[in-house]
Amino acid sequence: MIDLDIGGACPRQQLTCALSQALGLPTDPGAGTDALTIGTMDYPSEPALEMVARAAMQARQDSLMALFANDQTRICGGLALIYRTRDGAQIMQVEPCRLSRSKPIVLVTIDRRHAFRLDKRCLLRSCAVPSRAKVERGVERAWQDIRAAMSTVEVDPEQWEAGYFGLFTDAQAFADFLA
């Protein structure tokens, strides 16, 4: 659980922008790939995440979702990565990890068995998992950097709506939305 209180304001928009910057996504990508979406989900459930995974496969986009227990909390329950595979998609809980201040973050699974980074084309790729000691320090550093970025990022509501998304859902509401 990560407390993302930024002085009373809802942290969701700032978090999506900060995660995008921390991963090294271009702020104005222009023509190219939209292979990774970043968003938030309130009231997450397994059926809702499965539906997001199906949508990710159809859209040919991996997704990184910050999960919040409800629409009022500022406590992030964690990050879910929906990573497309040849056979479908995997849903994994991940943590951001910054191994060096000069490099973008990598996403490391909670069990420390898998890691992912963006390549030069901004496609999410599997990469080697750093040593456990480096990961632990890197996770702390990444969350510190993300919190700092959240306090300074200015969110343009029109840009945020165009590039990011938030889901307020329970499984049935999300199914109704997709139908």
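About the thresholds
- Residues numbered from 1 in each chain as written.
- Predicted model: local features only at pLDDT ≥ 70, side-chain atom pairs only at ≥ 80, totals over all residues.
- Heavy atoms only, no water.
- Helix = DSSP H or I, 4+ residues; strand = E, 2+ residues; numbered from the N terminus.
- Phe/Tyr/Trp six-rings, centres within 6.5 Å; stacked < 30°, edge-to-face > 60°.
- Buried < 20%, exposed > 50% of the residue type's maximum accessible area, 1.4 Å probe, protein only.
- Core = buried A, V, L, I, M, F, W, Y, C linked by side-chain atoms within 4.5 Å.
- Contact = heavy atoms within 4.5 Å.
- Pairing = 2+ DSSP bridges.
- Salt bridge = Lys/Arg side-chain N within 4 Å of Asp/Glu carboxyl O.
- Right-handed = clockwise from strand over helix to strand, strands pointing away.
- Expected span 1.5 Å × (residues − 1).

Enquirer: Residues and numbers for unusual backbone geometry, please.
Expert: Of note in the backbone geometry, Y43 takes a positive phi value of approximately 60° without being a glycine. Inspection of the secondary structure puts Y43 in the loop between strand 2 (36–42) and helix 2 (46–59). Positive phi, close to 65°, is recorded for R112, a residue that is not glycine. Mapped onto the secondary structure, R112 falls in the loop between strand 6 (106–109) and strand 7 (115–118).

Enquirer: So, the packing of aromatic side chains: which residues are in play, and what are the values?
Expert: Taken as a whole, this structure holds one aromatic pair when the rule is applied. Their ring planes at 50° and their centres at 4.6 Å tell us that Y83 and F116 sit as a pair that is tilted. You can see Y83 sitting in strand 4 (residues 75–85) and its partner F116 sitting in strand 7, a full 33 residues away along the chain. For the pair shown, Y83 and F116 are each scored as buried.

Enquirer: Describe the nonpolar core, listing the residues and the values that go with them.
Expert: In this structure, L15, L64 and L81 are the most contacted members of the largest nonpolar core, which totals 37 residues. Ranked by residues supplied to this core, first place goes to helix 3 (residues 132–152) with seven residues. Apart from the residues within four sequence positions on either side, L64 is in contact with L19, L23, L36, T37, I38, G39, L79, A80, L81, V94 and L107.

Enquirer: Which residues make up the pairing of strand 6, and what values go with them?
Expert: Burial of the side chains of strand 6 extends over both faces: V106 and V108 are buried on one face and L107 and T109 on the other. Pairing geometry for strand 5 (residues 88–97) and strand 6, over four bridges, is antiparallel. Opposite E95, over in strand 6, you have V108 as the bridge partner. Linking strand 6 back to strand 7 in an antiparallel pair, the connection comprises five residues, with R112 at a positive phi of about 65°.

Enquirer: For the pattern of salt bridges, give the residues involved together with the corresponding values.
Expert: In the structure shown here, the tally under the stated rule is seven salt bridges. Salt-bridge contacts for D42 lead to R12; the nearest nitrogen and oxygen are separated by 3.0 Å. Highlighted residues: D42 in strand 2 and R12 in helix 1 (residues 12–23), separated in sequence by 30 residues. The exposure class of R12 is buried, given its relative accessible area of 8%. Salt bridges here are not isolated pairs; linked through shared partners, they connect E95, R112 and E136.

Enquirer: For the pairing of strand 2, give the residues involved together with the corresponding values.
Expert: Of all seven residues making up strand 2, seven are buried, and the element is well covered by its neighbours. Here strand 2 shows a buried face lined by L36, I38, T40 and D42 and a second buried face lined by T37, G39 and M41. As judged from the seven bridges shared by strand 2 and strand 3 (residues 62–68), these two strands associate in the parallel manner. What sits directly across from T40, in strand 3, is A66. Since strand 2 and strand 3 lie parallel, the crossover through helix 2 that links them has a hand, and here it is right-handed.

Enquirer: Give a description of helix 3 that names residues and reports values.
Expert: The first and last C-alpha atoms of helix 3 sit 30 Å apart over 21 residues, in line with the 30 Å expected at 1.5 Å per residue. Of the positions making up helix 3, those classed as buried are V135, G138, V139, A142, W143, D145, I146, A149 and M150. Taken together, the buried residues of helix 3 touch strand 1 (2–3), helix 1, strand 4, strand 5 and strand 6.

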